[in-house]
Amino acid sequence: TGFCGGAPPRAPVVWLDKLCLDQVNVEESISYLPVFLAGCQSLVCLADGSWLHRLWCTMEVVIFLAMGGRAEQIHLLAVDGGWDAPPP
């Protein structure tokens, strides 16, 4: 981590998988997922109608719990995407 404007680095406040995982080298990035999720105080899931049908989304929840997270630390937020949307 480099310095931003001369300020010392600090712990991240928000970590977004889509932005923080290397989308070109997904396989290597996925291997670090347990480390990232173990450092989280909570997990916020932005879910649309297809969320439960996507293995990646449910896998993140399972890994969060396996790394010591608790169910009450998971926050599921519905986003407009049509809850009756068919799985991709």
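Relevant structure appears above.
Residues numbered from 1 in each chain as written. Predicted model: local features only at pLDDT ≥ 70, side-chain atom pairs only at ≥ 80, totals over all residues. Heavy atoms only, no water.

K.L.:
What is the right way to look at the overall build of the protein chain in this model?
P.N.:
Per the secondary structure count, the protein chain includes four helices and two strands. Mapped in sequence order, the helices and strands of the protein chain form the string α-α-α-β-α-β. Among the 88 residues that make up the protein chain, the fraction classed as buried is 19%. Residue pairs at least 24 apart in sequence account for 61% of intrachain contacts in the protein chain once pairs closer than 6 positions are excluded. Entry remark: accessible area of the protein chain is about 6,600 Å², with carbon and sulfur atoms responsible for 63%. (Helix = DSSP H or I, 4+ residues; strand = E, 2+ residues; numbered from the N terminus. Buried < 20%, exposed > 50% of the residue type's maximum accessible area, 1.4 Å probe, protein only. Contact = heavy atoms within 4.5 Å. Areas by Shrake-Rupley, 256 points an atom, 1.4 Å probe, with all protein chains shown as cover.)

K.L.:
Can you help me understand the nonpolar core in this one?
P.N.:
Nonpolar side chains in soluble globular proteins tend to be buried together. With ten residues, the main nonpolar core is built from Leu33, Leu37, Leu43, Cys45, Ala47, Trp51, Cys57, Val61, Ile63 and Phe64. Elements supplying a minimum of two residues to this core: helix H3 (33-38), strand E1 (43-47) and helix H4 (55-66). For this core, the element with the most residues is H4, which contributes four residues. (Core = buried A, V, L, I, M, F, W, Y, C linked by side-chain atoms within 4.5 Å.)

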